[in-house]
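Reading the structure
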Amino acid sequence: MNYNFDQEINRMKTACEKWDDLETRFGVNDVLPMWVADMDFKAPPAVIEALKERVEHGIYGYTYRPDSYFEAIIDWVSRRHQWSIKKEWITHSPGVIPALAFLLRSLTEPGDKIIVQSPVYHHFFRVIESQGRTVVNNPLSFKDGRYRMDFADLEAQIDSSVKMLILCSPHNPVGRVWTQEELTRLGEICLKNNILIVSDEIHFDLVYNAYKHVPIASISEALAKQTITCFSPSKTFNIWGVQTSVAIIPNHDLRERYNREINSMAIGWATPFGIAALESAYRFGEEWLDQLIEYLEGNVEFVESYLNTHIPQIKLVDPEGTYLLWLDFRELGFSMEELDQFMLQKARLALNEGHIFGQGGEGFMRMNIACPRTMLEKALLQLEHAVKQLSPTGKSEY
Ligand SMILES: Cc1ncc(COP(=O)(O)O)c(C=O)c1O
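On a predicted model such as this, the values are computed, not experimentally measured, just so you know. (Residues numbered from 1 in each chain as written. Predicted model: local features only at pLDDT ≥ 70, side-chain atom pairs only at ≥ 80, totals over all residues. Heavy atoms only, no water.)

Moving on, we get to the overall build of the protein chain. Scanning the protein chain from N- to C-terminus turns up 14 helices and 15 strands. With the principal axes as the frame, the protein chain shows a C-alpha extent of 60 × 55 × 40 Å. Expressed as a percentage of its 398 residues, the buried residues of the protein chain come to 57%. A sequence separation of at least 24 residues applies to 74% of the contacts in the protein chain between residues at least 6 apart. Working note: accessible area of the protein chain is about 17,100 Å², and carbon and sulfur atoms make up 50% of it. A distance of 3 Å separates the average location of the 39 positive side-chain charges in the protein chain from that of its 54 negative side-chain charges. (Helix = DSSP H or I, 4+ residues; strand = E, 2+ residues; numbered from the N terminus. Buried < 20%, exposed > 50% of the residue type's maximum accessible area, 1.4 Å probe, protein only. Contact = heavy atoms within 4.5 Å. Areas by Shrake-Rupley, 256 points an atom, 1.4 Å probe, with all protein chains shown as cover. Lys, Arg positive; Asp, Glu negative; His and termini not counted. Charge placed at Lys NZ, Arg CZ, Asp CG, Glu CD.)

Laid out in structure tokens, this is it:
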């Protein structure tokens with residue numbers, strides 16, 4: 001079956017975070033939204049059917065996670081990621097960010113230091129700080145158009161207060177799919193220093209064909225014991241609304257501590273809709289996902305060739321995974337505020353401002369390309385016109 005990712009679907013007036021009430025977030029309304037990380041595509045038909053069937057039943061009371069739910073997850077992870085996981089390792093959370101909060105609360109103490117690698121998904125900073133823990137930043141290095149981990153800086157920053165590293169794998173926003181070698185090196189440093197790894201792998205299904213995602217916990221038994229892996233069908237199949245994600249915790253002691261935390265707040269239960277959507281996505285969504293990845297690859301190529309041909313001042317950092325493109329605007333010479341205003345007021349585009357992702361994000365913008373190609377064309381045309389109207393120095397207009 002061929003799925004139609006070209007279909008334009010009006011999301012307005014659905015209380016849609018990405019499309020509705022942009023005035024509150026951006027101060028303007030008529031801008032094309034390419035920011036928050038969800039897709040402008042419908043979920044796979046099999047998921048919509050499974051949800052309809054569940055809705056038709058009419059009773060939505062207390063629901064436990066049945067064996068079929070665990071089997072769907074185990075099979076998916078084994079088939080797509082060659083990682084063999086056990087049923088008892090699979091814990092529930094309504095989302096990955098909530099899981100990070102519960103993990104911080106249950107596995108670290110107030111004041112403990114938590115490592116992140118910026119520029120990185122901005123909610124990492126917020127969740128660490130909101131739990132009263134301290135962020136330690138190990139910035140990625142950016143050389144010759146490619147981001148790499150800086151292991152020397154990481155080792156230099158480790159002391160006895162560092163208890164956890166939150167890894168973003170694949171990495172949002174820079175689009176790296178970390179190699180087995182990189183993850184092994186990172187893992188060795190964490191093992192040597194007794195640092196827990198929380199690996200946020202929410203983008204793990206969204207990897208381009210030339211690359212291969214490696215779950216860090218699959219590399220060795222020692223790493224499995226020291227790693228908690230968080231993922232969800234929410235990004236892959238565009239089903240955030242059903243509030244279902246998992247944390248894989250092979251280490252019995254860590255798992256007990258996590259479960260005590262979520263049970264104390266009575267949030268360890270998935271909803272009937274979360275269960276139906278997850279199972280149908282993992283059982284019947286594979287062909288849809290393969291076609292989605294192909295479509296996204298087409299979108300990446302389109303952006304790359306458009307920028308090269310028409311707006312060469314803006315550079316695309318080659319994405320290896322995720323539908324989030326990391327665009328380098330530094331050649332235009334704008335300050336942080338100027339770039340934000342230029343995108344909104346002149347290009348009429350709402351992207352995520354690079355600086356929200358922490359050190360190293362200034363001068364960049366994150367563009368969500370999980371949309372029909374017609375929308376991408378419109379956005380790039382707007383951007384091209386805006387850049388062409390700048391004076392030769394760019395900056396002097398502001
Ligand atoms: C790396 C990463 N982690 C977590 C999330 C959000 O997860 P959730 O909505 O399940 O809390 C996102 C969403 O963009 C993300 O990019």
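Next comes the rest of the write-up.
With that out of the way, let us pick up the packing of helix α3 (residues 67-81) against helix α12 (residues 286-310). Between α3 and α12, the shortest axis-to-axis distance is 13 Å and the interhelical angle comes to 40°. As judged from the angle between their axes, α3 and α12 are oblique. Of the two elements, α3 crosses α12, and the hand of that crossing is right-handed. Together, Trp76, Arg79 and Arg80 of α3 and Glu286, Leu289, Asp290 and Ile293 of α12 make up the contact between the two elements. The residue makeup of the contact of α3 with α12, split by class, is three nonpolar, no polar and four charged. (Axes fitted to C-alpha atoms, helices over the stretch in contact; angles between N-to-C directions. Parallel < 35°, antiparallel > 145°, perpendicular 65-115°, else oblique. Left-handed = near helix turned anticlockwise from the far one by under 90°. Nonpolar A, V, L, I, M, F, W, Y, C, P; charged D, E, K, R; others polar.)

Moving on, we get to the packing of aromatic side chains. The final tally for this structure, using the stated rule, is 20 aromatic pairs. Seen from their ring centres, Trp76 and Tyr282 are 4.9 Å apart, and the 20° between their planes marks the pair as stacked. Residue Trp76 is located in helix α3, and its partner Tyr282 is located in helix α11 (residues 272-284); the two are separated by 206 residues in the primary sequence. A relative accessible area of 0% means that Trp76 is categorised as buried. With centroids separated by 4.2 Å and ring planes inclined at 20°, the aromatic side chains of Phe142 and Tyr147 adopt a geometry described as stacked. (Phe/Tyr/Trp six-rings, centres within 6.5 Å; stacked < 30°, edge-to-face > 60°.)

For the rest of this paragraph, the subject is the nonpolar core. One finds Ile73 and Leu383 to be the most contacted residues of the largest nonpolar core, which totals 76 residues. Secondary-structure elements contributing two or more residues to this core are α3, β10 (245-248), α11, α12, β12 (324-328), α13 (336-346), β15 (364-368) and α14 (373-388). Considering every element that reaches this core, the biggest residue donor is α12, with 10 residues. Structurally, this core is a two-domain feature, drawing no fewer than three residues from each of domain 1 (22-44 + 286-389) and domain 2 (59-284). Ignoring any residue separated from it by four or fewer positions in sequence, one finds Ile73 in contact with Ile85, Ile90, Phe231, Val246, Leu278 and Tyr282. (Core = buried A, V, L, I, M, F, W, Y, C linked by side-chain atoms within 4.5 Å. Domains from an automatic or database assignment.)

Since one α-helical turn is 3.6 residues long, residues separated by three or four positions face the same way. Turning to α13, its buried residues are Glu338, Leu339, Asp340, Phe342, Met343 and Leu344. Following α13 by one or two positions, Arg348 adopts a phi angle in the positive range, close to 55°.

In this section: the UniProt feature "domain: Aminotransferase class I/classII large" (unreviewed entry) in the protein chain. Within this structure's numbering, the places UniProt gives as "domain: Aminotransferase class I/classII large" (unreviewed entry) are residues 36-380. Within residues 36-380, the helical portion is 43% and the strand portion 16%, while the C-alpha atoms at the span's ends are 18 Å from each other. (UniProt positions renumbered as here; feature names shortened; annotations may be inferred.)

What surrounds the ligand is a group of 13 residues, the closest being Val96, Ile97, Asn172, Asp200 and His203. Contact between the ligand and Asp200: a nitrogen atom at 2.5 Å from a side-chain N or O atom of the residue. Expressed as a share of its isolated accessible area of 400 Å², the protein-covered part of the ligand is 92%. The element that contributes the greatest number of residues to the shell around the ligand is helix α4 (residues 96-107), accounting for three residues. Residue composition of the shell around the ligand, by class: eight nonpolar, three polar and two charged. (Near = heavy atom within 4 Å. Polar contact = N/O pair within 3.5 Å; in protein donor to acceptor, adjacent residues only side chain to side chain.)

Structurally, the position occupied by Met164 is in strand β7 (residues 162-168). As for Met164 and Cys190, which are separated by 26 residues in sequence, their C-alpha atoms are 8.5 Å apart. Dropping the residues within four chain positions of it, Met164 is found in contact with Leu103, Leu104, Leu107, Thr108, Lys113, Ile114, Ile115, Ile195, Leu196 and Val198.

The next thing to look at is the domain arrangement of the protein chain. In terms of domain boundaries, the protein chain breaks down into domain 1 (22-44 + 286-389) and domain 2 (59-284). The C-alpha centroid of domain 2 is placed 26 Å from the C-alpha centroid of domain 1. Counting residues at the interface gives 35 residues for domain 1 and 37 residues for domain 2. Summed over both sides, the interface of domain 1 with domain 2 buries roughly 3,000 Å², with 55% coming from carbon and sulfur. The three residues of domain 1 that bury the most area against domain 2 are Glu286, Glu320 and Thr322, which together make up 27% of that side's buried surface. Linking domain 1 to domain 2 there are five salt bridges. For Arg146, the salt bridge goes to Glu320, with nearest N and O atoms at 2.6 Å. Linking domain 1 with domain 2 are 19 residue pairs in polar contact (both at pLDDT 80 or more), by the criterion used here. (Buried area = accessible area lost by both parts, 1.4 Å probe. Salt bridge = Lys/Arg side-chain N within 4 Å of Asp/Glu carboxyl O.)

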